[in-house]
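So the chains spell out like this:
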Amino acid sequence: MKCLVCGEIFEGNECPRCRFPVVNFPGDPEAGLKMLQPMIEQHRREFLSRFQVGVTACYWKDADGKLVLDRKERIPVGTGAELMNGEVWLPRKFARIPDVPELQVGVYIDSDEYHREMQVPLPNLMGKELQELGMKVVTVDSECRLVLLLRNSTEGPVASEEIALLGKD
């Protein structure tokens, strides 16, 4: 059985991942599915709202003429449900890292039962302006895929490869 909400393949009467029940339709399955669509969407939003997605910012300082890591800060971007509504941009800007074609951005995904951190490659913008980071969900499938976005005042947005919100990549 494939879950109507999160796409998980399972056996039984309820999805083990999002807890949506198996629904059987008497008669025309398409008509039944159309009738259930608002309930499916509501359950999907409630399920994805349990996932907080964000980035990790690094702050640097000078230590005897060398640049060293001062601290890291986890900055929430939004919940999975918020990212389904379109692009969500952080309200702050970041310094540009010159002369590197690709940035490695720390991304985290948290829920009550799930925690994952990863480094996501993102094409760098070569303009000298401050940069903005954002995210959005691009596909709702068994993994609910999202992308990390980067823009500045004259370029972008550019996107990372898709990241599985619910998967293991």
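For the structure itself, look to the data block above.
So, a few notes on the structure that sits alongside this text. Bear in mind the structure is a predicted one, so any value in this text is a computation, not a measurement.

### Quick look at the overall build of the protein chain
Here is step 1 of the chain: Helix and strand counts for the protein chain come out as 2 helices and 9 strands.
Here is step 2 of the chain: The N-to-C order of helical and strand elements in the protein chain reads α-β-β-α-β-β-β-β-β-β-β.
Here is step 3 of the chain: Against the compact-globule benchmark of 15 Å for 169 residues, the protein chain has a radius of gyration of 20 Å, which places it well outside the compact range.
Here is step 4 of the chain: Its C-alpha atoms give the protein chain principal-axis dimensions of roughly 75 × 30 × 25 Å.

### Quick look at helix 1 (residues 29-48)
Think of an α-helix as 3.6 residues a turn; residues three or four steps apart then line up on the same face.
Here is step 1 of the chain: The largest bend in helix 1 amounts to roughly 50 degrees and is located at Leu36, with the proline Pro38 lying one to four residues further along.
Here is step 2 of the chain: For helix 1, the capping residue at the N-terminal end is Asp28, with a side-chain oxygen 3.2 Å from the backbone nitrogen of Glu30.

### Focus: the side chain of Thr79
Here is step 1 of the chain: Considering the arrangement of structural elements, one finds Thr79 in strand 2 (residues 66-79).
Here is step 2 of the chain: A relative accessible area of 14% means that Thr79 is categorised as buried.
Here is step 3 of the chain: For Thr79, the contacting residues outside a window of four places in its chain are Leu48, Ser49, Phe51 and Gln52.

Calculation criteria
Residues numbered from 1 in each chain as written. Predicted model: local features only at pLDDT ≥ 70, side-chain atom pairs only at ≥ 80, totals over all residues. Heavy atoms only, no water. Helix = DSSP H or I, 4+ residues; strand = E, 2+ residues; numbered from the N terminus. Rg over C-alpha atoms; globule rule 2.2 N^0.38 Å. Bend = angle between axes of the 7 residues up to and from the residue. Polar contact = N/O pair within 3.5 Å; in protein donor to acceptor, adjacent residues only side chain to side chain. Buried < 20%, exposed > 50% of the residue type's maximum accessible area, 1.4 Å probe, protein only. Contact = heavy atoms within 4.5 Å.

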